[in-house]
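Each chain, letter by letter, is given below.
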Amino acid sequence: QVQLVESGGGLVQPGGSLRLSCTASGSIASINDMGWYRQAPGKERELVAVITSGGSTNYADSVKGRFTISRDNAKNTVYLQMDSLKPEDTAVYYCNAAAITIWRVGGVYWGQGTQVNVSS
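Attention in this report is confined to the structure presented alongside it. Bear in mind that the values here come from a model prediction, so they are computed numbers and not experimental data.

**Considerations on the overall build of the protein chain**
Move 1: Summing up its helical and strand segments, the protein chain has zero helices and 11 strands in all.
Move 2: Along the protein chain, helices (α) and strands (β) appear in the sequence β-β-β-β-β-β-β-β-β-β-β when read from the amino end.
Move 3: Here the C-alpha atoms of the protein chain give a radius of gyration of 14 Å, agreeing with the 14 Å that 2.2 N^0.38 yields for 120 residues.
Move 4: Principal axes of the C-alpha set define a box for the protein chain whose edges measure 50 × 25 × 20 Å.

**Remarks on the environment of M34**
Move 1: Relative to the elements of secondary structure, M34 occurs in strand β4 (residues 28-39).
Move 2: Residue classification places M34 among the buried positions, given a relative accessible area of 0%.
Move 3: Residues M34 and V78 lie 44 residues apart in sequence; the distance between their C-alpha atoms is 6.8 Å.
Move 4: Contact partners of M34, with chain neighbours within four places excluded, come to A49, V50, I51, I69, R71, N76, T77, V78, N96 and A97.

**Things to note about the nonpolar core**
Buried together is how nonpolar side chains tend to be arranged in soluble globular proteins.
Move 1: Formed by 32 residues in total, the largest nonpolar core has its most connected members in W36, L80, M82 and Y93.
Move 2: Taken together, the elements giving at least two residues each to this core come down to β1 (2-7), β3 (18-26), β4, β5 (46-51), β7 (67-72), β8 (77-82), β9 (91-101) and β11 (114-118).
Move 3: Ranked by residues supplied to this core, first place goes to β9 with five residues.
Move 4: In this view, M82 contacts G16, S17, L18, L20, R66, F67, Y93 and V116; residues no more than four positions away in its chain are not counted.

The rules we used
Residues numbered from 1 in each chain as written. Predicted model: local features only at pLDDT ≥ 70, side-chain atom pairs only at ≥ 80, totals over all residues. Heavy atoms only, no water. Helix = DSSP H or I, 4+ residues; strand = E, 2+ residues; numbered from the N terminus. Rg over C-alpha atoms; globule rule 2.2 N^0.38 Å. Buried < 20%, exposed > 50% of the residue type's maximum accessible area, 1.4 Å probe, protein only. Contact = heavy atoms within 4.5 Å. Core = buried A, V, L, I, M, F, W, Y, C linked by side-chain atoms within 4.5 Å.

If you want it as C-alpha cells, here you go:
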C-alpha cells in the first residue's frame, strides 16, 4: 500500500503565499508522476500542476506564473509553492502520485486533501 499525506493548507489573504507539501510512504518501489489537484465547492476536481520523475512540469492555465511544483525524489515528496493567491484559488487541494509497489503493482494514489482558503 501507498499513503500520501499533505500539509501546509490554511487561510491566507489575497496576494499572499502558501506552500503545500505531500509525502508518500509505504511499500514503494518507484514513483512516476506526482501532482496536485483541487476541488472547489460545487465544482469538479481539476488538475493544478504535475511533475514527472525527471522534473518536467505542466500547469493549469489559471495558475501559470503564480504556482510552482517541485519534488524531492529522495524524500518521495512533492511541493506546491503558491504565490499571488486569489480568492478563486480557494479549494481543497489533493496530492496525487502514480506509483509502483515493491510487489510490482502500479496504481494511482491520493492524499486526504488540505483546505486552502484565500480571503480578506
